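# A structural walkthrough
The residues making up each chain are set out below.
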Amino acid sequence: MTDTVTQTISLALYRHVLLTIVGLENQVKTTRLMNAARDNMTSNAHINFITSGSYGEGLEMRGSDLDLLYVSKSIEVYENFRPALNTNVIYLSMETDDVKPCFTQLLVDQTDPQVLSELLEEFNGKHYVSSLLFKKEGLHEGNIDHAVHHIHGPCISDKNNNYDHALCLHCKTWISQASQWITRSSTSWPSYNVKQRILKHGVIFVPIGVKESPKEDIKWRISFSVGEKFLISTFKHTQLICYALLKILLKDIIVTYTECEDLLCSYFLKTIIFWISEELPQSIWKPENLIPCFMRCFSRLIYSVEYSVCLHYFIPENNMFENKIEGRAREKLLEKLYNLYSYGWRCLLFSDQISNIQAMWMNHIEPHALHTIGVTKILYSALSFKAHDVSSVEPDTSTYKRGIHQIVFCDKSSLKYLSTYYLSLFCRKYAQVYSLNSTIKCNKHLYKQYNSCDCLLLQNIYHDAVSGWLMLASFFYKFKQYSIALHITAYSLSKCNFEKLYRCMDILNIRDRLYDMQLVKRKSIVKMWKTMLVDALKFERNSLLMSNKLKMEVGNGAYRISSIVYANFLNILCHYHLNNVRQCQDCLHTLQIIIAENYCIENNPLFQSTANKILGIALQILGHKESA
């Protein structure tokens, strides 16, 4: 294949993966900023939240799950010394004698063995924190979502393995095991500034030992996941797409062979691309060189399997293939890899994500379509949607104040807007658990409650165009101010039309919503959602803003309702309490038409089922029991 042909195919492949899998460069940056803003907002005095894994790196690919690190602030690890005593912090020291590189044991000062007593195991008179007991304790922590319920490797996972929480410990200083990494690289990657950021962060310890090793349950793995995020953030987009292609090669092709499904993981591929990035000049990573770069990584993977050597990027003394890629399994894997490699770049065509050759040869894409693709990918991001709920902390005043501080003192406008977005989501939750005791006889106290909740709800209108206003209308309904609630629902309904964006909508129709590209393309994603996104209304568990009529039917669990359905339902409730019989019947008729025609309701069976349930409740309230 000539260089010209290779470059042409590389560009076509680059464009295809860019548009259908990885996303545009700005969109990847937005995803990373969203993660940073959310992590900063949800972290508190006890825990630092860090979005990790592929999504934390800005990639959302088929089969990706949501990886979250919960890093304790009340326990700190040090390698060689114990710092000045802080009564609010428990200090542990590393012990690496007779422990495999990249792992350690965590020792509690033997003069105080009662510290963490329920998590300790004793060996030779020393007290070690058990990684196994630490994970089990994490199952009962209050900041872990109730849906997660089992241990999966170093993590706590939900029953469908959609997301993983790893409860971790932190060492704020760099460790000697990885000291050679500081001066190893002789190329421009990673840069000095990036290295300093990584060194400044230190390392993390995740609760898992070397499988089937002596004292496995008291060993901890040393993790560089935050440093790896820093490294991947420096990738050129061609590097990122090459990394995505390696993941596709693994997930869609290699693991489909039964003999190979448990031998390789994405972390090995990440390690390979780190080593190659360190070896090659950054100028190599261009779209027209995508295929040669990918094949070089593939060749390195084969070499690693052939010689059973895959050295950890930060601690090369740790051969990750040791006692793993060997014997008959290694021979089978090597056979499959050689077979795939014989196809050259065409081996990727075995993946249905790449197999559409015709799409790869698109010569021109309108800016309108590019923008639509970027908006669609973020709007349809399942992991972003999960992260809103999974990583949120229990609402309190300190988190709210931290969010305000983050917005006021943020110098970067894009991060400020995203912080505003997440504060809006936080206020949606906080307002629903804020005490609203209307039976209080002290008018001054009730007035203070009223104003505080009202203030929270006014800051809840920045994550979309409608649902925040409807939550405010629910607040006025709760305080029997039905006329004000009706004014707000009328305003909200004026925004529920086919020119807006909805989650779960037909992707092809999004193009028609972005009608004024000159206006929209200059807006940040948050500003655009504020004016164009009609999101569903979410009542939190035990919400104090849910009407009693609705709560009697659906209970105290979390509940999502299509905004247009809820707005009409709230109209019915308000007119019912105002004895406006004619208006009640008109609103009921409107609700029936909306549901029958599926007008502006998310294209999702769950929302459609909820809409019918809401209609049944409305019919029952108005006395139409047989219809209900």
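This text gives an overview of the structure that appears in the document. (Residues numbered from 1 in each chain as written. Predicted model: local features only at pLDDT ≥ 70, side-chain atom pairs only at ≥ 80, totals over all residues. Heavy atoms only, no water.)

### Some remarks on the overall build of the protein chain
When helices and strands are counted, the protein chain shows 26 helices and 13 strands. Each of the 628 residues in the protein chain was classed as buried or not, and the buried ones make up 55%. A separation threshold of at least 6 residues defines the contact pool for the protein chain, and within that pool the share at least 24 residues apart is 69%. Accessible surface, the protein chain as shown: approximately 28,500 Å² in total, 52% of it carbon and sulfur. (Helix = DSSP H or I, 4+ residues; strand = E, 2+ residues; numbered from the N terminus. Buried < 20%, exposed > 50% of the residue type's maximum accessible area, 1.4 Å probe, protein only. Contact = heavy atoms within 4.5 Å. Areas by Shrake-Rupley, 256 points an atom, 1.4 Å probe, with all protein chains shown as cover.)

### Comments concerning the side chain of E79
Within the secondary structure, E79 is located in the loop between strand 2 (66-78) and strand 3 (90-95). The side chain of E79 is buried and forms no salt bridge, while K126, the nearest opposite charge, is found at 15 Å. At 2.5 Å, the side chain of E79 and the side chain of S176 are in polar contact. If sequence neighbours within four positions are ignored, E79 has contacts with M94, W174, I175, S176 and Q177. (Lys, Arg positive; Asp, Glu negative; His and termini not counted. Salt bridge = Lys/Arg side-chain N within 4 Å of Asp/Glu carboxyl O. Polar contact = N/O pair within 3.5 Å; in protein donor to acceptor, adjacent residues only side chain to side chain.)

### Considering the packing of helix 2 (residues 25-42) against helix 15 (residues 397-408)
Interhelical geometry of helix 2 versus helix 15 gives an angle of 140° and a closest axis separation of 8 Å. The angle between helix 2 and helix 15 places the two elements in the oblique class. Each of A37, N40, M41 and T42 in helix 2 lies in contact with helix 15, whose residues at this interface are T399, R402, G403 and Q406. A class-by-class count of the residues in the contact of helix 2 with helix 15 yields 2 nonpolar, 5 polar and 1 charged. (Axes fitted to C-alpha atoms, helices over the stretch in contact; angles between N-to-C directions. Parallel < 35°, antiparallel > 145°, perpendicular 65-115°, else oblique. Nonpolar A, V, L, I, M, F, W, Y, C, P; charged D, E, K, R; others polar.)

### Quick word on the packing of helix 10 (residues 290-306) against helix 11 (residues 327-341)
Orientation of helix 10 relative to helix 11, taken along the N-to-C sense of each, is 160°, at an axis distance of 10 Å. As far as their axial angle goes, helix 11 and helix 10 are roughly antiparallel. Of the two possible hands of crossing, helix 10 and helix 11 adopt the one that is left-handed. For the pair formed by helix 10 and helix 11, the contact residues are M295, F298, S299, L301, I302, V305 and E306 on the first element and R330, L333, L334, L337, Y338, L340 and Y341 on the second. Residues that form the contact of helix 10 with helix 11 fall into these classes: 11 nonpolar, 1 polar and 2 charged. (Left-handed = near helix turned anticlockwise from the far one by under 90°.)

### Regarding helix 4 (residues 131-138)
Regarding helix 4, the residues found buried are S131, F134, K135 and G138. Here the buried residues of helix 4 occupy an arc of 95° about the axis, which is enough to place them on one side. For helix 4, the N-terminal capping position is held by S130, with its side-chain oxygen 3.3 Å away from the main-chain nitrogen of L132. (Arc of directions from axis to C-beta.)

### Structural notes on the environment of R300
Positionally, R300 belongs in helix 10. Given a relative accessible area of 24%, R300 falls into the partly exposed group. Here the alpha-carbon distance between R300 and W275, two residues 25 residues apart in the chain, equals 9.7 Å.

### Considering the packing of aromatic side chains
The relation between two aromatic rings is expressed through the spacing of the ring centres and the mutual angle of the planes. Taken as a whole, this structure holds 34 aromatic pairs when the rule is applied. A centroid spacing of 6.4 Å and a plane angle of 55° characterise the contact between F123 and Y128, whose relative ring orientation is tilted. Members of the aromatic cluster, connected to one another through ring pairs, are W174, W181, W189, F224, F235, F274, W275, Y313 and F314. The ring of W181 has K195 sitting right over it, with the charged end atom 5.0 Å from the ring centre. (Phe/Tyr/Trp six-rings, centres within 6.5 Å; stacked < 30°, edge-to-face > 60°. Lys NZ or Arg CZ within 6 Å of the ring centre and 35° of its normal.)

### As for helix 10
When the terminal C-alpha atoms of helix 10 are compared, their 24 Å separation across 17 residues agrees well with the 24 Å that a helix rising 1.5 Å per residue should span. Listing the buried residues of helix 10 in full gives L290, I291, C293, F294, M295, C297, F298, L301, I302, S304 and V305. Where helix 10 is buried, its residues touch helix 1 (3-22), helix 8 (237-253), helix 9 (266-279) and helix 11. (Expected span 1.5 Å × (residues − 1).)

### Section: the nonpolar core
Core analysis: the biggest nonpolar cluster contains 114 residues, and F224, L245, I254, L264, F294, F298 and F314 have the highest contact counts within it. Considering each element in turn, this core owes the most residues, 11 residues, to helix 8. Ignoring anything within four residues of it in the chain, the contact list for F298 reads L246, L249, L337, L340, Y341 and C347. Of all hydrophobic cores here, the second largest spans 85 residues; its members include L33, M34, L446 and L537. (Core = buried A, V, L, I, M, F, W, Y, C linked by side-chain atoms within 4.5 Å.)

### Re the side chain of R330
Mapped onto the secondary structure, R330 falls in helix 11. Buried charge without a partner: R330 forms no salt bridge, and the closest opposite charge is E331, 5.1 Å away. A polar contact of 2.6 Å, which involves the side chain of R330, links it to the backbone oxygen of E306. Once residues lying within four places of it in the same chain are set aside, the contact partners of R330 are V305, E306, S308 and I325.

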